[in-house]
Amino acid sequence: LILTAFATANSKPTIESLYAAARRLLAAECMLFTEHANLDSERWKPYVRWATELLAADDVVISFNYDPVLEIIAQKYQQPWVLHPGQAKSAQGSVKPIACKLHGSTNLVLGADGKATVDDTKSVLKDPDVVPCMGIPGPGKFDLTSSALASLWDVAIEAIKKHPHVYLLGYRFPPTDSQARTAILEAIGASQNGVRKVTVVLGPPSVDTQRVEAMVDLVCGPNGEVKILPIYVEDYFTAIPSRDVME
């Protein structure tokens, strides 16, 4: 994809064109990952159970993944409702759990007006002029999340403040992602429900687990109830007896 983008005669890549090509390459990798996804296979069982048995109508799923896993699950099981930026105002009062992909998605493209729209035709792989709306690492990520994806961030941050129980599943607050770390931790600390419950599922004990626990403890203060489960996310989705136990 990157080579094709600069194959024309006398063409010299610019920083901007290389950045756009890198996003298209990453989009291709994410699409390949799910190209032949079989939700009936053993590998998908924990995640199908999560979508069909553990999600509640008032849940808000926050994801930083670009891949279309959530969309694939939603297409078959009718939930969660994966919001795109143009639907953010409709999220309030939804009768389905919703999902916000805060760093963009392979099926979102940026228009000339800087707005993100849904495009499920894989046009990012076919047309070098199509710009995927994906906040890959670098200064462009902050710009994107502050503009085209800003409405999804508003929905997500408000949901964290309102919900009494926050689950950090497989998310370690990457040191390089200062914006997300700041916004989410501030929202956790600004709970509107008195006691703040946070469950962290990040695999076996590690430096990442200790770091996340310390940050969450700091923002929750004396009103926090932080539970660390030293298992993987798929283990959690398999072992948790029912939605009621999660409350």
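Quick caveat: nothing in here was measured; it's all calculated off a predicted structure. (Residues numbered from 1 in each chain as written. Predicted model: local features only at pLDDT ≥ 70, side-chain atom pairs only at ≥ 80, totals over all residues. Heavy atoms only, no water.)

**Some words on helix α7 (residues 150-162)**
For α7, which comprises 13 residues, the first-to-last C-alpha distance of 19 Å matches the rise-based estimate of 18 Å (1.5 Å per residue) to within 8%. What α7 keeps buried is the set Leu-152, Trp-153, Val-155, Ala-156, Ile-157, Ala-159 and Ile-160. (Helix = DSSP H or I, 4+ residues; strand = E, 2+ residues; numbered from the N terminus. Expected span 1.5 Å × (residues − 1). Buried < 20%, exposed > 50% of the residue type's maximum accessible area, 1.4 Å probe, protein only.)

**Looking at the sheet that holds strand β2 (residues 81-82)**
Strand order across the open sheet formed by three strands is β1-β3-β2, with parallel pairing between neighbours. Unpaired on one side and paired on the other, β1 (60-63) and β2 mark the two borders of the sheet. (Pairing = 2+ DSSP bridges.)

**A look at the sheet that holds strand β7 (residues 165-169)**
Taken in spatial order, the three strands line up as β7-β8-β9 in an open sheet, and their pairing is parallel. Two strands lie at the open edges of the sheet, namely β7 and β9 (224-229), each paired on one side alone. Mean inter-strand twist for the sheet, computed between neighbouring axes without regard to direction, equals 15 degrees. Bridge count for strand β8 (residues 196-201) against β9 is six bridges, and the pairing is parallel. For Val-200, the partnering residue across the bridge sits in β9 and is Ile-228. Contacting β7, β8 and β9, helix α9 (residues 207-220) runs over the sheet at an angle of about 170 degrees to β9. (Axes fitted to C-alpha atoms, helices over the stretch in contact; angles between N-to-C directions. Contact = heavy atoms within 4.5 Å.)

**A word on the packing of aromatic side chains**
Counted according to the given criterion, the structure contains seven aromatic pairs. Ring plane angle 20 degrees and centroid distance 5.8 Å describe the contact between Trp-50 and Phe-237, whose orientation is recorded as stacked. With a gap of 187 residues between them, Trp-50 in helix α3 (residues 45-54) and Phe-237 in helix α10 (residues 233-239) connect regions that are remote in the sequence. Taking relative accessible area as the criterion, Phe-237 reaches 5% and is therefore assigned buried. On the basis of an interplanar angle of 15 degrees and a centroid distance of 4.8 Å, the ring pair of Phe-64 and Tyr-171 is categorised as stacked. In this pair, Phe-64 sits in the loop between β1 and α4 (69-77) while Tyr-171 sits in the loop between β7 and α8 (178-189), placing the two residues 107 residues apart along the sequence. Its relative accessible area of 14% is what places Tyr-171 among the buried residues. Within the aromatic cluster, the residues linked to one another by ring pairs are Tyr-47, Trp-50, Tyr-167, Tyr-236 and Phe-237. (Phe/Tyr/Trp six-rings, centres within 6.5 Å; stacked < 30°, edge-to-face > 60°.)

**Observations regarding the nonpolar core**
Formed by 35 residues in total, the largest nonpolar core has its most connected members in Leu-168, Phe-173 and Val-198. Breaking this core down by element, the ones donating at least two residues are β3 (98-101), α7, β7, α8, β8 and α9. No other element matches α7, which puts six residues into this core. Contacts of Phe-173, omitting those with residues within four sequence positions, involve Leu-168, Arg-181, Ile-184, Leu-185, Arg-211, Val-212 and Met-215. Counting 21 residues, the second-largest nonpolar core is a separate cluster that includes Leu-70, Val-82, Val-201 and Met-246. (Core = buried A, V, L, I, M, F, W, Y, C linked by side-chain atoms within 4.5 Å.)

**Details of unusual backbone geometry**
Across the junction of Gln-79 and Pro-80, the peptide omega takes the value 0 degrees, indicating a cis bond. By the element assignment, Pro-80 lies in the loop between α4 and β2. At Gln-78, a residue that is not glycine, the phi angle is positive and equals roughly 65 degrees. Within the secondary structure layout, Gln-78 lies in the loop between α4 and β2. The class of Gln-78 is partly exposed, set by a relative accessible area of 47%. Notably, Phe-173 is not glycine yet its phi reads approximately 55 degrees, a positive angle. Mapped onto the secondary structure, Phe-173 falls in the loop between β7 and α8.

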